[in-house]
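Coordinate analysis (summary)
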Amino acid sequence: MTVYCGGCNTANRDGSIFCNRCGQNLAGPAQRSCPQCAASNLRDARSCLRCGAPLPLPEAGEPGLTAMTALEEEEEGPLEADVFSLADVAPHPVDGFRAEDGSQEIPGAVSAPVPVALADADQLLQRLEAGLGPGPITPAMDAAARSIPAFDLPTDPSLVHPVSPADTFAAVVASRDSLPSRPVQTPPPARAARFVPRLLYVALLAAVMAPFLVPGDWSGSTIPLTPATASFFQAVAALRPGAPVLVAFDYDPSTQGEMEPQARAVLAHLMQRGARIAAVSLLPAGAAQAQLAFAATATAQGYRYGNDFINLGYLAGDEAALATLGQDITAAFPRDFGERLPTSGRTVLQGIRGVRDFALVVVLASDERTALAWLTQVQARFGVPMTAGVSAASAAQMAPYLQSGQLAGLLTGVPGAAEYELLMNKPGPAVRMLDAQSLAHAVVVVFVLLANVGALVWGFRRKGSAARLAG
Amino acid sequence: VIVSRYLPLSVAASAGALVLVSFFFKNSLLDNLSGIITGWVTLLVAFGLFLGIWNLVSRHASRVRNRGRDWPHSLVVLAGLFAMLALGFWPGSAGPNDSAVSWGYRYVYAPLNATVFSLLAFFVASAAYRTLRLRTRESAVLLVVGVVVLLGQVPIGFQIWPDLPLLKGWLLDVPAASGVRGIVLGVALGTVTAGLRILLGQDRPYLGGPKL
């Protein structure tokens, strides 16, 4: 069953909570459904906006029922006196009625025998308040009006004239001067829904590009240091020279922007400490990402491939394959990724048999699932110290493992990488990226707040309009 | 019945029990046996990659041959696949670390992949704009928490209010972490249950159905 919006009369799917066109709440307390056609109407409405059927009055004490409305009902009597049944004159559905969403559904007011109030002033005024005009006059309604005996019509000479009542109705409505001087409000969401998101996209793009086009200290050197990042830094700083460290590059180009600043900062620190570094990956693209990160850091630190660091490559098998690292790492990786040479006997791997022999395992994972695999299959099983760098979206999932001590430190997203760069006294690309991220977050928050303020103001105006209509 | 049902069941139960026991007890024999079984997993996954490539090629080749819907896109997929394979397997190539393969990865695949993922920023911004609305009490909580985390995550939040990052940290460390703990515990219990059902033969996904 289609649900019609009380604000713009758009047909929405059954079960819709908000109107697809204007965003109005279709199920909120400010709405009342028509018992005949199920269209949503304002709470104080006395007749249906769509089919004209009389609406049951809100019970006393219900919100939205004003004292004036109740008093008026007592004085004016029931509305049924002005109602006749369309079934008497239009027993068959009228073909060709098309809803505003393009569907061919025939509204219940036309297809079913329902009472129709032709001259319901409230219906007319509600539609005008919504800027919708008088509404469609179907051939059946016109035929029904024509079939009414002349003595039942108001004693207006124009109505006994051969002019169609529907034409008269439209002519009266088109004459704005003859209507009460009430403000006609146009629902803003219909325009805003198209314009504001585009403005948001442009503002977001400008915010992201600004720090790169106009270099400067946008953050004002006010990047707060989090304890998780400080713990990560201390875990690396505590390594003795020559300590073996296993680094997992479990990210691909899709998250490279967030993860590579972390990788570069951590690798630079490990190389400063003189650690021997072995890289592995559970993702097929991770080995290539490790190559890129080593290329950006190793030369500057004087690190040589095979002696000081090695890229072991991709380990197929995901979580189950991690267990093989506990046995013999050279068996799991017979040849390395960088030179395609046997790993057995390489200088960088001297004294290392399984993952237990590493002084530290650093997991750089873009998703929490991979990081959890390392935690459960390596850290929990072999008891090796572990730190992790994850994307900002995974920070909440990793927090319990940091609190339990299973993780010795945690970097989250670009902020974590920027903090690490500042701890090393080498502000790099992560700090500038954080400037862009900071402005982008500010733009989103400004748009969210403006949207809420606008919705509140529009809601107050609408409530006031409804109250005036009821009064 | 014995060969088709009970033999696979006994093999699966034995392998699962062996790996499970080796997780809790330190024994060289158990470790070696468990290592062999987990090594098979790596081989099976690698074989799965070949199956994936075969499926990809057959489906897209069929679409190109029949001029199906968007067949030029399938042609691009096949061209990219075979181009990278040719560069890697060409005689004299250094394999995945060959300079030509690295060039294709670094200057074609990586930028395209990153570009597609970057669009997510606009979707997320649009979703935040549409979702964070003050409609009910619950939505008010969502709005406040969303704004606090959005601003507390970046330096501008610190500039607005120096305690905002602390508030963001509390939200992540206490309410969010509590929820995560509940989810993790629930998942762990479910995993234990599913594992026991498979070990005991109650569930047999490897036989194509849950029960005999």
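Conventions and cut-offs
- Residues numbered from 1 in each chain as written.
- Chains lettered and ligands numbered in written order.
- Predicted model: local features only at pLDDT ≥ 70, side-chain atom pairs only at ≥ 80, totals over all residues.
- Heavy atoms only, no water.
- Helix = DSSP H or I, 4+ residues; strand = E, 2+ residues; numbered from the N terminus.
- Buried < 20%, exposed > 50% of the residue type's maximum accessible area, 1.4 Å probe, protein only.
- Contact = heavy atoms within 4.5 Å.
- Areas by Shrake-Rupley, 256 points an atom, 1.4 Å probe, with all protein chains shown as cover.
- pLDDT = per-residue confidence, 0-100.
- Axes fitted to C-alpha atoms, helices over the stretch in contact; angles between N-to-C directions.
- Parallel < 35°, antiparallel > 145°, perpendicular 65-115°, else oblique.
- Left-handed = near helix turned anticlockwise from the far one by under 90°.
- Nonpolar A, V, L, I, M, F, W, Y, C, P; charged D, E, K, R; others polar.
- Polar contact = N/O pair within 3.5 Å; in protein donor to acceptor, adjacent residues only side chain to side chain.

1. Structural notes on the overall build of chain B
A count of helices and strands for chain B gives 7 helices and 0 strands. Start at the N end of chain B and walk to the C end: the helices and strands fall as α-α-α-α-α-α-α. For chain B, with 212 residues in total, the buried portion stands at 24%. Considering only residue pairs separated by 6 or more positions, chain B has 21% of its internal contacts joining residues 24 or more positions apart. When the accessible area of chain B is evaluated, it comes to approximately 14300 Å², of which 73% is carbon and sulfur surface.

2. What to know about the confidence of the model for chain A
Residues and elements named next belong to chain A. Averaged over every residue, the pLDDT of chain A is 77; the share at 70 or more is 68%. Counting interchain partners and residues more than four positions distant, the pLDDT-below-50 stretch residues 60–119 has 86 contacts. pLDDT under 50 marks residues 177–181. Its contacts with residues more than four places away, or in other chains, come to 4 contacts.

3. Brief notes about the packing of helix α9 (residues 256–272) of chain A against helix α15 (residues 413–423) of chain A
Residue and element names in this part refer to chain A. Where α9 meets α15, the axes come as close as 8 Å, and the angle between the chain directions of the two elements is 25 degrees. Of the possible angle classes, the one that applies to α9 and α15 is roughly parallel. α9 and α15 meet at a crossing whose hand is left-handed. Between α9, through Gly257, Glu258, Pro261, Gln262, Ala265, Val266 and His269, and α15, the contact on the second element is made entirely by Gly413, Val414, Ala417, Tyr420 and Glu421. Among the residues making up the contact of α9 with α15, the classes are represented as 6 nonpolar, 4 polar and 2 charged.

4. What about the side chain of A:Asp336?
Residues and elements named next belong to chain A. With respect to the helices, strands and loops of the structure, Asp336 is situated in the loop between α12 (329–332) and β10 (360–365). By relative accessible area, which is 0% here, Asp336 ends up buried. A polar side-chain atom of Asp336 sits 3.2 Å from the main-chain amide nitrogen of Gly338. Within the local environment of Asp336, its side chain forms a polar contact with the backbone nitrogen of Leu341, the two atoms lying 2.8 Å apart. Discounting chain neighbours no more than four positions away, the residues touching Asp336 are Tyr305, Ile310, Asn311, Leu312, Leu341, Thr343 and Arg346.

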